[in-house]
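Here is what each chain is made of, one letter per residue.
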Amino acid sequence: MSRVATNLDAYWMPFTANRDFKKKPRVISGAEGHYYTTEDGTRLYDMFSGLWTSGAGHCHPKIVDAVQKQVAQLDYCMTFQVTNNKAIELADRVTQIAPDGIDHCFFTNSGSESVDTALKIALGYHRARGEGNRTRLIGRERGYHGVNFGGMSVGGMVPNRKAFSANLIPGVDHIRHTHNLERNAFTRGLPEYGVELADDLERLCALHDGSNIAAVIVEPIAGSTGVLPPPVGYLERLRDICDRHGILLIFDEVIAAFGRLGTPFGAQRVGVTPDIITTAKGLTNGVIPMGAVLVRDSVYNAFMQGPENMIEIFHGYTYSGHPVAAAAGLACLDLYEEEGTFEQAKALEQQFEDLLHSFADHKHVIDVRNYGLMGAIEMAPRDGAPGARGGETHKKCFWDENLVVRNGMDTLQFSPFLNSDPDEMQQSFEGVRRVLDSIE
Ligand code: PXG
């Protein structure tokens, strides 16, 4: 029975309390559609669709088929100096559904790599245009941009930075986050208050001089920190300030892209077009690791200068544009279109919002937030034990209700499948309620 696995000693788990986990491991051995299975045959409903990754459901037959065919036809080929047809096709297809003017695509293997790639592209862009003084990078408090040095430095989640504080990359600053429990708690969708927080970017432009700033990176809707939708008008104002100072705006859409907000890209839903978009996760439905950085023509063209025999950007990964990952990506784009996955996601939003907000009156709950198919229920921490209530909820959901629920400290995060079944969604939240009712 692999819900109680044997020797886990060798296995150092990421972002997990290893010692606590190993006392009673939660191990998955299979998946189909909206359910995981364990070795003893238990089925668990996945309320986080992987890790925001698997919006179309697990083991989707169209993706499985495409991957199986591709791995037997071309398992790998380098994409430095030669390339493969699947990478070419995927870049073309992804840019076709991207916001207007975003026409070029650089492949990576993860969100973290997409972010570090985007930051390097921003720096290279300004240098190529003779503005090499623009080296400063601006992130936002509570932002999550992965765990590599660049992304960690522009990120704003304190526990992720704390142990590495002296080694964060230099020349980074942060604007304030937008979370405001006093004014915005229990808002459905975008909060009304907080547009003026975008002006914090003006403050940093005044402090550092805007002419020294290369780029600002934000998640259009912050995910990992506990789902913080942007205040009404906030992203428009950030865009405006960036334009006035010649700063590139990067949207980190590792979560928001590929239907999570009911549109191909989050930018299209929020109605603001950045200069660079980072993606991963839904690009392949999580099946094969892959990320992509999408850029405006003007950014790409700035690099396409100088002798034509010279490499324009000294950057790339062994697995950039991996043919099997690209085949998975192409199958995803096909099925998103054929099955109307993004439209399905949009149609589920109201039910999802209502289900989440039905927790507003619960004694443990201090806020509920949602936008698109991203949602969070924030609970009050127990006295002297922050995170305990959230951790217990996760475990009880798993063992007592056969539900996989993600918690970040005392905030429960929900990432329903883009093609969720309304009855299953309803029943799963009933399970969460039973757990919240049962814990201290
Ligand atoms: N940017 C954003 C906006 C992300 O959400 C990354 C970058 C990094 O991606 P990789 O593929 O390198 O992990 C992410 C990842 C959570 C959670 O609990 C979210 C992520 C990772 C871990 C936990 O919401 N997103």
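Residues numbered from 1 in each chain as written. Predicted model: local features only at pLDDT ≥ 70, side-chain atom pairs only at ≥ 80, totals over all residues.

Chemist: Break down the site of the ligand for me, citing the residues and quoting the values.
Modeler: Taken together, the neighbourhood of the ligand is formed by 19 residues, with Ser-110, Gly-111, Ser-112, Gly-146 and Val-254 sitting nearest. Taken together, the elements giving at least two residues each to the shell around the ligand come down to α2 (49–52), α5 (111–128) and β14 (406–408). A per-element tally of the shell around the ligand places α5 first, with 3 residues. Here the residues of the shell around the ligand sort into 7 nonpolar, 9 polar and 3 charged. (Near = placed C-beta within 6 Å. Helix = DSSP H or I, 4+ residues; strand = E, 2+ residues; numbered from the N terminus. Nonpolar A, V, L, I, M, F, W, Y, C, P; charged D, E, K, R; others polar.)

Chemist: Explain the domain arrangement of the protein chain to me, using residue names and the numbers behind them.
Modeler: In terms of domain boundaries, the protein chain breaks down into domain 1 (2–56 + 341–438) and domain 2 (64–338). For domain 1 and domain 2, the distance between their C-alpha centroids amounts to 26 Å. With 30 residues of domain 1 at the contact, the number on the domain 2 side is 30 residues. Elements represented by at least two residues in the side of domain 1 that touches domain 2 include exactly α2, α14 (341–357), β11 (365–371), β12 (374–379) and β15 (411–414). It is α14 that contributes the most residues to the side of domain 1 that touches domain 2, 7 residues altogether. Residue composition of the side of domain 1 that touches domain 2, by class: 12 nonpolar, 12 polar and 6 charged. (Domains from an automatic or database assignment. Contact = placed C-beta atoms within 7 Å.)

Chemist: Account for the nonpolar core, with residues named and values stated.
Modeler: Core analysis: the biggest nonpolar cluster contains 114 residues, and Ala-122 and Val-216 have the highest contact counts within it. Tallying contributions element by element places helix α13 (residues 323–338) first for this core, with 10 residues. Looking at this core, you find at least three residues from each of domain 1 (2–56 + 341–438) and domain 2 (64–338). Excluding residues that lie within four positions of it along the chain, Ala-122 makes contacts with Ala-214, Ala-215, Leu-248, Ile-250 and Ile-276. (Core = buried A, V, L, I, M, F, W, Y, C linked by C-beta atoms within 7 Å. Buried ≥ 20, exposed ≤ 12 C-beta atoms within 10 Å, placed from the backbone.)

Chemist: Quick rundown of the pairing of β12? Include the residues and the values.
Modeler: With 6 of 6 residues buried, β12 lies mostly within the body of the structure. Burial along β12 is two-sided: the face carrying Met-374, Ala-376 and Glu-378 and the face carrying Gly-375, Ile-377 and Met-379 are both buried. Taking the residues between adjacent antiparallel strands as the criterion, β11 and β12 are bridged by 2 residues, where Gly-372 takes a positive phi near 55 degrees. Bridge count for β12 against β15 is 4 bridges, and the pairing is antiparallel. Residue pairing in the sheet places Ala-376 in a bridge with Gln-413 of β15. (Pairing = 2+ DSSP bridges.)

Chemist: Explain the sheet that holds strand β8 (residues 248–252) residue by residue, including any values.
Modeler: In spatial order, the strands read β4-β10-β9-β8-β7-β5-β6; together these 7 strands make up an open sheet with mixed pairing. Strands at the two margins of the open sheet, each flanked by one partner only, are β4 (102–108) and β6 (172–175). Geometrically, the sheet is characterised by an average inter-axis angle of 20 degrees between neighbouring strands, direction not taken into account. Summarising the sheet, strand β9 (residues 276–279) and strand β10 (residues 291–296) pair through 4 bridges and their orientation is antiparallel. From the neighbouring strand, Thr-279 faces β10, where its bridge partner is Ala-292. Against the sheet, α5 touches β4, β5 (136–140), β7 (213–218), β8, β9 and β10, its axis set at about 25 degrees to β10. (Axes fitted to C-alpha atoms, helices over the stretch in contact; angles between N-to-C directions.)

Chemist: Lay out the packing of helix α15 (residues 388–401) against helix α16 (residues 422–438) with the relevant residues and their values.
Modeler: It is at 10 Å that the axes of α15 and α16 come closest, and there the two elements cross at 120 degrees. Taken together, the axes of α15 and α16 lie oblique to each other. Between α15 and α16 lies a crossing whose hand is right-handed. Packed against α15, whose contacting residues are Thr-393, Lys-396, Cys-397, Asp-400 and Glu-401, the element α16 presents Gly-431, Val-432, Arg-434, Val-435, Leu-436 and Ser-438 at the interface. Of the residues belonging to the contact of α15 with α16, the class tally is 4 nonpolar, 3 polar and 4 charged. (Parallel < 35°, antiparallel > 145°, perpendicular 65-115°, else oblique. Left-handed = near helix turned anticlockwise from the far one by under 90°.)

Chemist: Tell me what's going on with the environment of Asp-243, and back it up with residues and numbers.
Modeler: Looking at the secondary structure, you find Asp-243 in helix α10 (residues 234–245). Separated by 128 residues in the primary sequence, Asp-243 and Tyr-371 place their C-alpha atoms 26 Å from one another.

Chemist: Could you give me a rundown of unusual backbone geometry, with the residues and numbers involved?
Modeler: Note: most peptide bonds trans; most residues except glycine with negative phi. The backbone phi angle of Phe-186 is positive, close to 65 degrees, even though this residue is not glycine. Along the chain, Phe-186 turns up in the loop between α8 (181–184) and α9 (200–208). Here the phi dihedral of Asn-402 falls at roughly 55 degrees; this positive angle occurs in a residue that is not glycine. Judged by C-beta crowding, with 16 C-beta atoms within 10 Å, Asn-402 ranks as partly exposed.

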